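Letter by letter, the chains look like this.
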Amino acid sequence: AALDRRVFKEARELVRQARAALVLKPQLRGKNGELAPITARMEQAIASSETTPYLRANRSFHFTIYRASGSPVSVALIESLWLQISPYFNLLQDSGNYVSANSSHRIAAEALARGDAASAKAAIRADIDRAFEILASMLAGETPRAFTVP
C-alpha cells in the first residue's frame, strides 16, 4: 500500500521528536570525525549522480548520530520509521534535495564537533523538513518547489 500523506506526516513528527532528544546528548560532541567522511561519500555520490551510494551514506550519517544517543528504544523507533519512508528517498534525487540535505549534514556535523547542540538540531530539522515537504508535494501530485542550499 502506498504511504499516504497523513501517515508520512505522523512519521516525520515522531522522527523529529526522537531526533530532538538525541541531538542534545553529550555523547555526540566530537562526532565530526565520523561524520565528515560520510558527508564526503555523499558529495561523491551527488557528483556522480549515484542514488544508492548517496542513500546508504545518508542513512549512515543519520544513524551514527542516533546510535550515539545511547537510546536503543529511540533508535529502534527511528529504524522502523526509516524502513517505511526510505523507499521514497529515491524520489528526492531529481529535486535537488541531496545537495541541500548534504549542506545541512555538514552544518550539523560541524556544530556537533563544536558542541553546539542548537545549531546541529536546527540543521537536522531543516534536512528532515525539506525532504518531507518535497515528498509530500510529490504524493499530492504537485511539483515540489526548489530549495536553496543553506
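A short tour of the structure in this document, coming up.

Rules used throughout
Residues numbered from 1 in each chain as written. Predicted model: local features only at pLDDT ≥ 70, side-chain atom pairs only at ≥ 80, totals over all residues. Heavy atoms only, no water. Helix = DSSP H or I, 4+ residues; strand = E, 2+ residues; numbered from the N terminus. Buried < 20%, exposed > 50% of the residue type's maximum accessible area, 1.4 Å probe, protein only. Contact = heavy atoms within 4.5 Å. Areas by Shrake-Rupley, 256 points an atom, 1.4 Å probe, with all protein chains shown as cover. Salt bridge = Lys/Arg side-chain N within 4 Å of Asp/Glu carboxyl O. Axes fitted to C-alpha atoms, helices over the stretch in contact; angles between N-to-C directions. Parallel < 35°, antiparallel > 145°, perpendicular 65-115°, else oblique. Left-handed = near helix turned anticlockwise from the far one by under 90°. Nonpolar A, V, L, I, M, F, W, Y, C, P; charged D, E, K, R; others polar. Lys, Arg positive; Asp, Glu negative; His and termini not counted. Expected span 1.5 Å × (residues − 1). Core = buried A, V, L, I, M, F, W, Y, C linked by side-chain atoms within 4.5 Å.

When you go through the protein residue by residue, the secondary structure sums to six helices and zero strands. The order of α-helices and β-strands along the protein, N terminus first, is α-α-α-α-α-α. In the protein, which comprises 150 residues, the share counted as buried stands at 44%. Pairs at least 24 residues apart make up 72% of the contacts formed inside the protein by residues separated by at least 6 positions. For the protein, the accessible surface area stands at approximately 7500 Å², while carbon and sulfur atoms represent 55% of it.

A few words now on the pattern of salt bridges. Applying the stated criterion across every chain yields a total of four salt bridges. Close ionic contact of Asp-116 with Arg-114 constitutes a salt bridge, the shortest N to O distance being 3.1 Å. Since its relative accessible area comes to 23%, Asp-116 is described here as partly exposed.

What follows deals with unusual backbone geometry. Backbone geometry places Ser-49, a non-glycine residue, at a positive phi of 55 degrees. With respect to the secondary-structure elements, Ser-49 resides in the loop between helix 2 (32-47) and helix 3 (51-68).

Turning to the packing of helix 3 against helix 4 (residues 72-85), a few remarks are in order. Closest axis-to-axis distance for the helix 3/helix 4 pair is 10 Å, and the angle between their directions is 160 degrees. With respect to helix 4, the element helix 3 is oriented roughly antiparallel. Where helix 3 crosses over helix 4, the handedness of that crossing is right-handed. Residue-level contacts link Asn-58, Arg-59, His-62, Phe-63, Tyr-66 and Arg-67 of helix 3 to Val-75, Ile-78, Glu-79 and Trp-82 of helix 4. In terms of residue class, the contact of helix 3 with helix 4 is built from five nonpolar, two polar and three charged.

Among the structural elements, Asp-127 can be located in helix 6 (residues 117-139). Of the side chains bearing the opposite charge, Arg-130 lies closest to the buried Asp-127, which forms no salt bridge; the N-O distance is 5.0 Å. For Asp-127, the residues in contact, after removing those within four places along its chain, are His-62, Ala-101, Ser-104 and His-105.

With that settled, consider helix 3. Since the α-helix turns once every 3.6 residues, residues separated by three or four places project in the same direction. Compared with the 26 Å implied by 1.5 Å per residue over 18 residues, the 26 Å span of helix 3 between its first and last C-alpha is a close match. For helix 3, every residue scored as buried is listed here: Thr-51, Tyr-54, Leu-55, Ala-57, Asn-58, Phe-61, His-62, Phe-63, Thr-64, Ile-65, Tyr-66 and Ala-68. Where helix 3 terminates, the next one or two residues include Gly-70, which has phi positive at roughly 75 degrees.

What follows is about the nonpolar core. What tends to happen in soluble globular proteins is that the nonpolar side chains get buried as a cluster. Core analysis: the largest hydrophobic core is formed by 31 residues, its most contacted members being Leu-35, Tyr-54, Phe-61, Ile-65, Tyr-66, Phe-89 and Leu-92. With sequence-adjacent residues up to four places away left out, Leu-35 is seen in contact with Phe-61, Thr-64, Ile-65, Ala-109 and Leu-112.

Remember, this is a structural readout, not a statement about activity or role.
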